[in-house]
Protein chains: 2
Amino acid sequence: MDRVRIAVDCMGGDHGPSITLPACRAFLDSHPDVDLLLVGMADALAPAASWPRCTIVATTEIVAMDDPVEIALRRKKDSSMRVAISKLKATATSPALADVCVSAGNTGALMALARYLLKTLEGIDRPAIASVIPNEHGEFTTMLDLGANVDCTAEHLLQFAVMGSALVSAIDGKSEPSVGLLNIGSEVIKGSEVIKRAGDLLRSAGADGHLNYFGNVEGNDIFKGTVDVVVCDGFVGNVALKTTEGLASTMSRFIREEFTRTWWTKLAAIIAMPVLKRFRARVDPRGYNGAALLGLQGLVFKSHGSADAYSFGRALARAYDAARNRLLDQVHDRIVETLQAMPANPGDVPVRPAA
Amino acid sequence: MDRVRIAVDCMGGDHGPSITLPACRAFLDSHPDVDLLLVGMADALAPAASWPRCTIVATTEIVAMDDPVEIALRRKKDSSMRVAISKLKATATSPALADVCVSAGNTGALMALARYLLKTLEGIDRPAIASVIPNEHGEFTTMLDLGANVDCTAEHLLQFAVMGSALVSAIDGKSEPSVGLLNIGSEVIKGSEVIKRAGDLLRSAGADGHLNYFGNVEGNDIFKGTVDVVVCDGFVGNVALKTTEGLASTMSRFIREEFTRTWWTKLAAIIAMPVLKRFRARVDPRGYNGAALLGLQGLVFKSHGSADAYSFGRALARAYDAARNRLLDQVHDRIVETLQAMPANPGDVPVRPAA
C-alpha cells in the first residue's frame, strides 16, 4: 500500500465539523502519505475545498447521536456516515475508494450500517468493538467486545479472541499477543456456563497453537497489563469501560477539589503543576481514542462522540495504523487459520487442562 | 436491642488474628455497648483471655483462603468460620448468641456456609453480596450482587433491588433509597433479555410504590452517585468492582511514580503532601470495607481478605450498624411487602412505561 485513503464522516460526534475538520487538517499535514475523503454537508465542508490530498463528498443527511438504528439504516440513505462507510466497498463500476473509515457518530447506527453495507468476514458471526486502555507497563491492554453484543455464546468469545489477537499483531507488531478471558476468578471452574465453555474453547485453541491463551483474568488485570487482549461479552465490556471512565473522572475531580480547597493547597497545586500535568497526560482518555469495529469486510473506526480535535486525530491515527498494517488481511488470515482448524462443531471440543 | 453481640471469625483473612485481634480490641474500646464472641484457635486467641465483654470460643480448624467450598462445607465442621456463623442461630437448647457475624475469610466458603447454616429468607432465592463505593457527593453508592450469583434471572435482580433498598434504609436511614439497574445505556430497550425483563419488573415494583426505581444506570453512574443502590448480576458486579479497585490502584501508582521521578518532583510531593493525604483518604478502599451477605436468616458481613486492623474495624462497624438498626427485620419486612404484592408469576407482569 503506497498511500492510505481514509474516509471521514465529518458530521458525526457531538461537535461535527468544528472538530473533525481541524483534526483532518492537522492529520494531512503530519501524514504526507494520506489521502482523505471528507464526507458531509457541502456547506459545512466548504472550508476544506482548497486543501491538498482531499476529496469532498457532499451528502444531504446526518445521523443524529440519538437516532434509532432503524432511522440510520432505512431512512437516511444519504447520511455522511453511510456514504463514508460505503467508500470502503468496491462497486460494479469502481474499486473501493477508501482503505478505512472513521466516524464519531452514534455507535449503534455505525455498527448497524457497517454490518449492513460491508457484511461480516467469513467465520465471524458478529462484529465486535475493540479499544485500548493504558496499563501499568506504560503500554495498552486491548479489550473487546465493548458493547456491540450483549448476549454472547462461547463461540463468539473465541472469535473475539482471534480478532483481538490479529488487531494487536497488526497495530502493535506483537507476533503472539497473549489473550485473557475476563472472569471473576482465576480458576477454570469460575464464571457462568458460557464463560466456562469459552474457557474450554480458548484453552483448546491455545493448546493447538492458534492463540497465545493465558487463561482467566479479572477486572484489575486490565490495568496491570497481565495480558495483551482481554476478551468479554459486550455487556460486561461496556460496563467495565464506563466504570473505568467514571472512576478516572471522579478521581481527577477529587484531586482538583483537594488542590483548590484553600490558598495553601492552591499554592501547592502551582508547585506540583508539572507533576500533575504529566499524571493527567498518562490517564487522559483523549490519548487513546479510536475503537476498531472488527470482523467486517472493511475497516471502520469509531471515535468517542465527545472527542475534541486532538482526540479525533488519535482516532484517525489508529485507523491509519490499521490500514497501513493491513489489519483486514491479518484478521482474515487469523480467522481462516484458527477457526478452520477448530472442530466443525465447537461443542465437541473436549475440556483440556491449561497448557 | 440494648447490646450488640458480634461473632468474629478471628482466623479468617490473609493475616488472621494478627489483625483481627487488634481490630476487636479497638472496637471494644470505642463501643461500650458491644459484646464480642471471638472464635478461633485457642492459642491464637489467648491474648484476649482477659479482655472485657469478650467470650472466647475455641475451635480446632481453619478454612483456608483457597479451600474449595466443599472442604469448608463437608470436612471442616469445627472451623472458626462455621462456628462463628452458627452463633447467629438459636438451637433447641439456647437462643442465638450473636446478632451479627464478621469474617475476612474465603468468600465462596463464607457464602456457602452461611446459606447452609442460616437458610435464605422466605421470598429470596439467592443471597447476594452488597458493598459500598464512595461517590462524588461524598456519600456511598451501594452495589449488589458483587459475585455470589453469576447467572441471574430477572426475578433475582428484583430481589437484589429489594434487599439493597432495605440495607440502605437500615444503615443510612434513607427511607426511600433510589435504585438503578446497571445497563449499557439509559433507554429501556438496552441490554440483554434478562436485563430488559428485570427492568420491566423493577418499573412495575416502582409504579406500585414498593421501590423507588430510577431506571437504567451505566458504569460511570456508580461514582456519580446517580442512585443509592445499583443492581446487577454477580458476574458484572464483580468485574466492575475489581476494575474499580484495579484502576484506583493504578492511578495511585501513577501519582506516586510522577511525584518520585526527580528531586524536584519529590520536593513538590513534600509540599503537596497534606493535599495528597486528603485525596488518598477519600479513595482509600480500607475506609469502606465490609460487604453484607443479604437474604439470609442472619446477618453476616465479609471483610476484604487483605484487610489491615483499621480496615477490619470498618467491617466491624458496618456489621454493628446493621445489627443496631435491625437490618434483618427491615429486609424481611421489605421482602414481604414488595414480593408478596407482586403477581404470583412475575412473567405475567405487563411491560409498563416508566412512571
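Residues numbered from 1 in each chain as written. Chains lettered and ligands numbered in written order. Predicted model: local features only at pLDDT ≥ 70, side-chain atom pairs only at ≥ 80, totals over all residues. Heavy atoms only, no water.

S.K.: So, the side chain of Glu258(B): which residues are in play, and what are the values?
M.R.: Here Glu258(B) is to be found in helix α9 (residues 234-259). Within the structure, Glu258(B) has its side chain in polar contact with the side chain of Arg261(B) (distance 2.9 Å). Apart from residues lying up to four places away in sequence, Glu258(B) is in contact with Val275(A), Arg278(A), Phe279(A), Arg282(A) and Thr265(B). (Helix = DSSP H or I, 4+ residues; strand = E, 2+ residues; numbered from the N terminus. Polar contact = N/O pair within 3.5 Å; in protein donor to acceptor, adjacent residues only side chain to side chain. Contact = heavy atoms within 4.5 Å.)

S.K.: Go over the pairing of strand β7 (residues 178-182) of chain A, please, and point to the residues and values.
M.R.: Residue and element names in this part refer to chain A. Within β7, 5 of the 5 residues are buried, which leaves it mostly tucked inside the rest of the structure. What you see with β7 is no split at all: Ser 178, Gly 180 and Leu 182 on one side and Val 179 and Leu 181 on the other are buried throughout. Bridge count for β7 against strand β8 (residues 212-217) is 5 bridges, and the pairing is parallel. Paired with Leu 182 across the bridge in β8 is Val 217. Handedness of the crossover is the feature at issue here: the chain leaves β7, passes through helix α7 (residues 193-207), returns alongside β8, and the resulting connection is right-handed. Direction of pairing for β7 relative to strand β9 (residues 229-231): parallel, over a ladder of 3 bridges. Across the sheet, residue Gly 180 finds its bridge partner in β9, namely Val 230. (Buried < 20%, exposed > 50% of the residue type's maximum accessible area, 1.4 Å probe, protein only. Pairing = 2+ DSSP bridges. Right-handed = clockwise from strand over helix to strand, strands pointing away.)

S.K.: Go over the packing of aromatic side chains with me, naming the residues and quoting the values.
M.R.: The description of two aromatic rings rests on the distance between their centres and on the angle between their planes. What the rule picks out here adds up to 6 aromatic pairs over all chains. Pairing Phe140(B) with Tyr288(B) gives two aromatic rings, centres 6.3 Å apart and planes at 50°, and the pair type is tilted. Placement of the pair is Phe140(B) in strand β6 (residues 140-144) and Tyr288(B) in the loop between α10 (263-283) and β10 (291-294), with a sequence separation of 148 residues. A cation over a ring is seen here: Lys119(A) above Tyr116(A), with NZ or CZ 4.9 Å from the ring centre. (Phe/Tyr/Trp six-rings, centres within 6.5 Å; stacked < 30°, edge-to-face > 60°. Lys NZ or Arg CZ within 6 Å of the ring centre and 35° of its normal.)

S.K.: Tell me about the sheet that holds strand β3 (residues 54-59) of chain A, and please be specific about residues and values.
M.R.: All names here are of chain A. As summarised here, the arrangement of the 11 strands in space is β3-β2-β1-β4-β11-β10-β5-β6-β9-β7-β8, forming an open sheet in which the pairing is mixed. For this open sheet the edge positions go to β3 and β8, each flanked by a neighbour on one side alone. Strand-to-strand twist in this sheet, taken as the mean axis angle between neighbours without regard to direction, amounts to 25°. Across the sheet, helix α1 (residues 17-30) lies against β1 (4-9), β2 (34-41) and β3, angled at about 165° from β2, the strand it touches most. Packing against the sheet, helix α11 (residues 309-324) makes contact with β1, β2, β4 (100-103), β5 (128-134) and β11 (299-302), and its axis sits at approximately 140° to β1. (Axes fitted to C-alpha atoms, helices over the stretch in contact; angles between N-to-C directions.)

S.K.: Explain a nonpolar patch on the surface to me, using residue names and the numbers behind them.
M.R.: Residues and elements named next belong to chain A. Nonpolar side chains collect at one region of the surface, where Trp 263, Trp 264, Leu 267 and Ile 270 lie side by side and expose about 490 Å² of accessible area between them. Relative to the helices and strands, Trp 264 is located in helix α10 (residues 263-283). By relative accessible area, which is 37% here, Trp 264 ends up partly exposed. (Patch = residues over 30% accessible without salt bridge, like charges linked within 9 Å, V, L, I, M, F, W, Y side chains within 5 Å. Areas by Shrake-Rupley, 256 points an atom, 1.4 Å probe, with all protein chains shown as cover. Salt bridge = Lys/Arg side-chain N within 4 Å of Asp/Glu carboxyl O.)

S.K.: Help me get a handle on the environment of Ile271(B), residues and values and all.
M.R.: Mapped onto the fold, Ile271(B) is located in helix α10. Note on Ile271(B): relative accessible area 22%, which makes it partly exposed.

S.K.: Break down the sheet that holds strand β9 (residues 229-231) of chain B for me, with residues and values.
M.R.: Strand pairing within a sheet occurs via backbone hydrogen bonds; the two strands may be parallel or antiparallel. Residue and element names in this part refer to chain B. Reading across the sheet, the 11 strands line up as β3-β2-β1-β4-β11-β10-β5-β6-β9-β7-β8 and stay open at both edges, with mixed pairing between neighbours. The sheet is open, and its two borders are formed by β3 (54-59) and β8 (212-217), each paired with just one other strand. Averaged over all adjacent pairs, the angle separating strand axes in this sheet is 25°, with direction ignored. Alignment of strand β5 (residues 128-134) against β6, held across 5 bridges, turns out to be antiparallel.

S.K.: Describe in detail the domain arrangement of chain A, supporting the description with residues and values.
M.R.: Residues and elements named next belong to chain A. We note that the domain assignment places domain 1 (1-118) and domain 2 (125-292 + 326-355) within chain A. Placing the centre of domain 1 and that of domain 2 at their C-alpha centroids yields a distance of 28 Å. For the pairing of domain 1 and domain 2, the buried interface totals around 420 Å² over both sides, and the portion due to carbon and sulfur atoms is 70%. At the boundary of domain 1 with domain 2, the tally comes to 0 salt bridges. Our count for the contact surface shared by domain 1 and domain 2 stands at 1 residue pair in polar contact (both at pLDDT 80 or more). Tallied by class, the residues present in the side of domain 1 that touches domain 2 amount to 2 nonpolar, 1 polar and 1 charged. (Domains from an automatic or database assignment. Buried area = accessible area lost by both parts, 1.4 Å probe. Nonpolar A, V, L, I, M, F, W, Y, C, P; charged D, E, K, R; others polar.)

S.K.: Describe the interface of chain A and chain B, naming the residues involved and giving the relevant values.
M.R.: Each side of the interface is counted separately: chain A has 52 residues, and chain B has 52 residues. Where chain A abuts chain B, roughly 4900 Å² becomes buried across the two surfaces, and 73% of that area is made up of carbon and sulfur atoms. Run the count over chain A and chain B and you get 6 salt bridges. Taken together, the links from chain A to chain B amount to 12 residue pairs in polar contact (both at pLDDT 80 or more). For the side of chain A that touches chain B, the elements supplying multiple residues, two or more each, are α7, α8 (221-224), α9 (234-259) and α10 of chain A. When residues in the side of chain A that touches chain B are grouped by element, the largest group, 22 residues, is from α9(A). When the residues that make up the side of chain A that touches chain B are grouped by side-chain class, the tally is 25 nonpolar, 16 polar and 11 charged.

S.K.: Explain empty space enclosed by the protein to me, using residue names and the numbers behind them.
M.R.: Tallied over the full model, the rule gives 6 cavities of 30 Å³ or more. Within this model, the largest cavity holds a volume of roughly 120 Å³. Taken together, 14 residues make up the lining of the largest cavity; nearest its centre are Leu247(A), Pro134(B), Ala248(B), Val283(B) and Tyr288(B). For the lining of the largest cavity, the secondary structure elements donating two or more residues are α9 of chain A together with β5, α9 and α10 of chain B. For the lining of the largest cavity, the element with the highest residue contribution is α9(A), accounting for 4 residues. (1 Å grid on protein atoms, 1.4 Å probe; cavity = no way out; pocket = protein on both sides within 12 Å on 5 of 7 lines; lining within 4 Å. Points joined across faces, edges and corners; volume = space filled by probe spheres on them.)

S.K.: If you had to explain the nonpolar core to someone new, which residues and values would you point to?
M.R.: Judged by nonpolar contacts, the single largest core of 243 residues is most densely connected at Ile6(A), Leu38(A), Phe259(A), Ile6(B), Leu38(B) and Phe259(B). Once residues within four sequence positions are removed from consideration, Leu38(A) is found in contact with Val8(A), Cys10(A), Leu21(A), Cys24(A), Leu45(A), Ala48(A), Trp51(A), Cys54(A), Thr55(A), Ile56(A) and Val57(A). (Core = buried A, V, L, I, M, F, W, Y, C linked by side-chain atoms within 4.5 Å.)

S.K.: Lay out the confidence of the model for chain A with the relevant residues and their values.
M.R.: Here chain A shows a mean pLDDT of 89. Residues at 70 or above account for 96%. The low-confidence segment residues 344-355 of chain A, where pLDDT is below 50, has 17 contacts with residues more than four positions distant or belonging to other chains. (pLDDT = per-residue confidence, 0-100.)

S.K.: If you had to explain the packing of α10(A) against α10(B) to someone new, which residues and values would you point to?
M.R.: Relative orientation and spacing of two packed helices are given, respectively, by the angle between their axes and the distance between those axes. At their nearest, the axes of α10(A) and α10(B) sit 9 Å apart, and the two run at 150° to each other. Between α10(A) and α10(B), the angle falls in the class roughly antiparallel. The interaxial crossing formed by α10(A) with α10(B) has left-handed handedness. Seen from α10(A), the contacting residues are Trp264(A), Thr265(A), Ala268(A), Ile271(A), Ala272(A), Pro274(A) and Val275(A); seen from α10(B), they are Trp264(B), Thr265(B), Ala268(B), Ile271(B), Ala272(B), Pro274(B) and Val275(B). (Parallel < 35°, antiparallel > 145°, perpendicular 65-115°, else oblique. Left-handed = near helix turned anticlockwise from the far one by under 90°.)

S.K.: Break down α11(A) for me, with residues and values.
M.R.: Residues and elements named next belong to chain A. End to end, α11 covers 22 Å across 16 residues, agreeing with the expected 22 Å (1.5 Å per residue, within 8%). Measuring from the backbone nitrogen of Tyr 310 back to the side-chain oxygen at the start of α11 gives 3.3 Å, which picks out Asp 308 as the cap. Once α11 finishes, Arg 326 follows within two positions and takes phi at roughly 50°, a positive value. (Expected span 1.5 Å × (residues − 1).)

S.K.: Can you lay out the relation of the copies chain A and chain B for me, pointing to particular residues and giving the numbers?
M.R.: Superposition record for chain A on chain B: RMSD 0.0 Å, screw rotation 180°, translation along axis 0.0 Å. Here the copies are linked by what is in effect a two-fold axis. In this assembly, 100% of the residues forming the interface of chain A have copies in chain B that are likewise at the interface, indicating an isologous arrangement. (Least-squares fit on C-alpha atoms with pLDDT ≥ 70 in both.)

S.K.: Describe in detail the packing of helix α6 (residues 154-172) of chain A against helix α12 (residues 327-341) of chain A, supporting the description with residues and values.
M.R.: Residue and element names in this part refer to chain A. It is the contact of α6 with α12, at a shortest axis distance of 9 Å, that shows an interaxial angle of 140°. Compared by their axis directions, α6 and α12 come out oblique. At the point where α6 passes α12, the crossing takes the right-handed sense. For the pair α6 and α12, the contacting residues are Leu 158, Gln 159, Val 162, Met 163, Ser 165, Ala 166, Leu 167, Ser 169 and Ala 170 in the first and Leu 327, Gln 330, Val 331, Arg 334, Ile 335, Thr 338 and Leu 339 in the second. Residue composition of the contact of α6 with α12, by class: 10 nonpolar, 5 polar and 1 charged.

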